[in-house]
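Observations on chain architecture
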Amino acid sequence: RRLKQCSPIAMLPLLSLAAFDTASNAQLLQVDGSGTTNPSKYFWKIMETMEARLLKDVRLTYRAVGSSTGQREFTQQTSLDFTAGLTDFAAGDIPMDSSRYSNLTTAGRSMVHVPFCLGAIGVFHSVPAGEVGDATGLKLSPCVLAKIMKGEITTWDHQDIKAENPNLNVPAGTTIEVGHRTEGSSSTTGFTGYLDSKCPASWSLGSGSKVSWPTSSGFTPVQGSGGMASFIAGTPYAIGYLDAGHGHQQDFQEVNLKNEANTWLNSKDALMATDANGNNGVAAAGKAAADAAPFPAATADWSSVNLYGKAGTNTWPIVLVSYLYLHKDWSSFSAEKAAVLKAFVDFVLGSEGQGMLSDFSFVVVPAAMNTWQSVWDNTITKPTGFVPLTFESNTAKWVGQGANVVSSKRNSYSLWKLGDLESAAAAMKARLDDMETHLNDYGIVPLHGSGTTNTKNWFAKAMKLMEERARVPLFLTYRAVGSGTGQKEFVGDSNSGYKSYSHFGAGDIPMSSTHFQTMASQSPPESMVHIPLALGAIGVFHSVPTSEIQGSLKLDACLLAKIFSGQVETWDHADIKAQNPGISVPAGSKINVFHRRLGSSSTGGITGYLNKKREGVVFLPSFTAEDKRHFCASNVAAVTKDEI
């Protein structure tokens, strides 16, 4: 009876107190790491996923500061103090530096390398695609790249660059803006190692996570992969090296490099290629290394391990191994913290974590390198009372609600919404890609031409009829600019690399021999065809009132020549009246002559006609050069060969 009389409102504080009491007993478990920026987004996604899936109060952090800084913070608590480190783990795309490894072991500590993925370092640039002049992209051999990165080649129109990119068409003297990493970086190690091994004669700056870059104009230091991405995105005519994941996410243009098989390719090409073993061009480098020699023991010095310049038709030449750096002795960790760290590494090296790598343009480690389970079982010293966390992928009643279970059935709204947005974005991108393919292959088909004005109305009508009658959407245009301009635009100029500005040209005259030779002299030679499509007449028209002519106006070639050359200037000139005795115009009526300004087939026709009237004429021996030059301007009757 007493319970029935209790107010529901009075019970609410009791429930709140009970919930608060439970929460107050929870202990925050925090695991901290730092290191390479390249897989930072990958780590952050896994860490947030684990925090959402655990019943425990867990916080995992990762500070993206570069491989070298990550190594320092893992091995030292302050500069050169190797008695302890600041982080629970670190990550790098290079093995632990040999001197840091040595100092660590001298201090009585030990560590293990745990490879977790492979990645490509690419060279990206911001030269406008239209100026590159080659659909496959910019090509730079190791020696040319070395000269650029040490400041020996400073402009994009340098002859060495043009030799490898003959269609490159940049403004003269355009400065190459070079971006390079400032702090120690695995990307720098991979990139300089590639240059040092492939072109030591031209590369004199050495290799490693830090080198002494030029400080001259045109060189910009940047921090981290994000800084490099911002530099390339915001700087015209820039070049820099960056992990492929960052570069591809930003949709940067990438330089084609030459691999050991002398194949020109970029990292995206390599990632999409597949060899006979089913490996792409990055995984192939890992397999080649594993087949060549066993990797060192987990606790050994790995500083000599690299995957640069491995054989294979489509193998990428700058491949990095990404490592987790872990302490060998975990006995100083609490059992609960050790369980969280171990679960994080399990996630990274497990099927779910390895399956996420491709989203970030990374590649799973070959089976021969994925030795984490063996390292954990045989090498890591565990703390007292250690109980591992387990993973629930399929619903396990009661068990899945346990405190030591990482359950995929738990999630956070932010992660769910992020996944939802990613799916929507991926679907939208797929639709856009399909649309782009459709537009390119079976969509709006463009056809643009320019040239003679004479056919413009005919072409306009024909184009309109084609657009209406075609099943495929057509976009046809014709620019009436005159035959001469049409020829120029069809041939192109130095700004276009002598590539045509139009799909076709049209003219009432043949292509000039000068333009034809310009096309033929290109490398490779450009060729063209003439297709006669119509005949047309060029007439001479006037606006003299018909009442003043009394019939048709007659002008022979010589008289017409005098008018167009300015020798006959009035309509009542004696020569005109001689051929048109009935003409009656006001005395001194000025002849207003209009002529075409730009190159024109009409001009070619009328001047050709006037010149043609002199062909075949045989002059008397007494005619001087001046007589011949002014033949049509004289009052002497034409004397033809037959008449002589």
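These notes cover the structure that comes with them. (Residues numbered from 1 in each chain as written. Predicted model: local features only at pLDDT ≥ 70, side-chain atom pairs only at ≥ 80, totals over all residues. Heavy atoms only, no water.)

A short note on the environment of Pro532
Looking at where Pro532 falls in the secondary structure, it is placed in the loop between helix 19 (513–520) and helix 20 (557–564). Along the primary structure Pro532 and Ala506 are separated by 26 residues, whereas in three dimensions their C-alpha atoms are 9.7 Å apart. (Helix = DSSP H or I, 4+ residues; strand = E, 2+ residues; numbered from the N terminus.)

Re the sheet that holds strand 15 (residues 445–451)
The 3 strands are arranged 16-15-17 in an open sheet whose pairing can be described as parallel. Each having just a single partner strand, strand 16 (474–480) and strand 17 (504–506) make up the two edges of the open sheet. Going from strand to strand, the sheet's axes swing by 20° on average, the running direction of each strand aside. Note: strand 15 against strand 16, 7 bridges, orientation parallel. Opposite Pro446, over in strand 16, you have Phe475 as the bridge partner. In the packing of helix 17 (residues 456–469) onto the sheet, contacts are made with strand 16 and strand 17, and the angle to strand 16 comes to roughly 175°. Where helix 18 (residues 483–491) meets the sheet, its contacts fall on strand 15, strand 16 and strand 17, and the angle it forms with strand 15 comes to roughly 130°. (Pairing = 2+ DSSP bridges. Axes fitted to C-alpha atoms, helices over the stretch in contact; angles between N-to-C directions. Contact = heavy atoms within 4.5 Å.)

Considerations on the packing of aromatic side chains
One pass over the structure, following the stated rule, counts 26 aromatic pairs. With centroids separated by 6.2 Å and ring planes inclined at 20°, the aromatic side chains of Tyr62 and Phe89 adopt a geometry described as stacked. With Tyr62 in strand 2 (residues 58–64) and Phe89 in strand 3 (residues 89–92), this residue pair connects regions lying 27 residues apart in the sequence. With a relative accessible area of 7%, Tyr62 lands in the buried category. (Phe/Tyr/Trp six-rings, centres within 6.5 Å; stacked < 30°, edge-to-face > 60°. Buried < 20%, exposed > 50% of the residue type's maximum accessible area, 1.4 Å probe, protein only.)

Here we look at helix 3 (residues 67–75)
Taking burial as the measure, the 9 residues of helix 3 include 8 buried ones, the bulk of the element. Looking at helix 3, one finds that the buried residues are Ser67, Ser68, Thr69, Gly70, Gln71, Glu73, Phe74 and Thr75.

Observations concerning the nonpolar core
Membership of the largest hydrophobic core comes to 112 residues, with the highest contact counts inside it found for Leu145, Ile148, Met149, Ile239, Leu324, Phe344 and Trp372. What Met149 contacts, discounting residues up to four positions off in sequence, is Val178, Gly179, Phe191, Leu195, Trp203, Leu205, Trp213, Pro214, Phe219, Ile239 and Tyr241. The next biggest cluster of nonpolar side chains, apart from the first, holds 10 residues, and it includes Ile563, Ile576, Val585 and Ile591. (Core = buried A, V, L, I, M, F, W, Y, C linked by side-chain atoms within 4.5 Å.)

Focus: the pairing of strand 12 (residues 318–327)
With 10 of 10 residues buried, strand 12 is to be regarded as a mostly interior element. Side-chain alternation along strand 12 places Ile318, Leu320, Ser322, Leu324 and Leu326 on one buried face and Val319, Val321, Tyr323, Tyr325 and His327 on a second face that is also buried. Inspection of the sheet shows strand 3 paired to strand 12 by 4 bridges, in the antiparallel sense. Following the sheet pairing, Phe89 is matched in strand 12 by Leu326. Sheet analysis places strand 4 (residues 111–125) next to strand 12, joined by 9 bridges and oriented antiparallel. Among the inter-strand pairings, Cys117 is bridged to a residue of strand 12, identified as Ser322. As paired strands, strand 11 (residues 307–308) and strand 12 are joined by 2 bridges and run antiparallel to one another. Looking across to strand 12, one finds that Tyr308 is bridged to Ile318.

Some words on the packing of helix 20 against helix 22 (residues 601–612)
Where helix 20 meets helix 22, the axes come as close as 9 Å, and the angle between the chain directions of the two elements is 125°. Taken together, helix 20 and helix 22 sit at an angle that is classed as oblique. Considering the relative orientation of helix 20 and helix 22, their crossing is left-handed. Facing helix 20, whose interface residues are Ala557, Leu560 and Ala561, helix 22 presents Ile606, Tyr609 and Leu610. Of the residues in the contact of helix 20 with helix 22, the class split is 6 nonpolar, no polar and no charged. (Parallel < 35°, antiparallel > 145°, perpendicular 65-115°, else oblique. Left-handed = near helix turned anticlockwise from the far one by under 90°. Nonpolar A, V, L, I, M, F, W, Y, C, P; charged D, E, K, R; others polar.)

Some details on the pattern of salt bridges
Under the definition given, this model contains 14 salt bridges. For the salt bridge of Lys562 with Asp575, the shortest nitrogen-to-oxygen distance reads 2.7 Å. Of the two residues, Lys562 sits in helix 20 while Asp575 sits in helix 21 (residues 574–579), which places them 13 residues apart along the sequence. (Salt bridge = Lys/Arg side-chain N within 4 Å of Asp/Glu carboxyl O.)

Brief notes about a nonpolar patch on the surface
A contiguous nonpolar surface patch, about 310 Å² in accessible area, is contributed by Met428, Leu432 and Met435. On the secondary structure map, Leu432 appears in helix 16 (residues 413–442). (Patch = residues over 30% accessible without salt bridge, like charges linked within 9 Å, V, L, I, M, F, W, Y side chains within 5 Å. Areas by Shrake-Rupley, 256 points an atom, 1.4 Å probe, with all protein chains shown as cover.)

Overview of helix 12 (residues 283–292)
Considered for burial, the residues of helix 12 that qualify are Ala283, Ala284, Ala285, Gly286 and Ala289. Where helix 12 is buried, its residues meet strand 4, strand 11 and strand 12.

Quick word on the pairing of strand 2
Both strand 1 (residues 29–35) and strand 2 contribute to a ladder of 7 bridges, which runs parallel. Its bridge partner being in strand 2, Gly33 is matched across the sheet by Tyr62. Once you follow strand 1 into helix 2 (residues 40–53) and on to strand 2, the crossover reads as right-handed. (Right-handed = clockwise from strand over helix to strand, strands pointing away.)

Quick look at the packing of helix 6 (residues 142–149) against helix 8 (residues 186–198)
Axis separation between helix 6 and helix 8 bottoms out at 9 Å; the angle between their running directions is 125°. Here helix 8 runs oblique to helix 6, going by the angle between their axes. The element helix 6 and its partner helix 8 pack so that their crossing is left-handed. Together, Pro142, Leu145, Ala146 and Met149 of helix 6 and Phe191, Tyr194, Leu195 and Lys198 of helix 8 make up the contact between the two elements.

Describing the environment of Ser414
Structurally, Ser414 is set in helix 16. Separated by 366 residues in the primary sequence, Ser414 and Glu48 have C-alpha atoms spaced 9.7 Å apart. For Ser414, the side chain forms a polar contact with the side chain of Glu48, separated by 3.3 Å. (Polar contact = N/O pair within 3.5 Å; in protein donor to acceptor, adjacent residues only side chain to side chain.)

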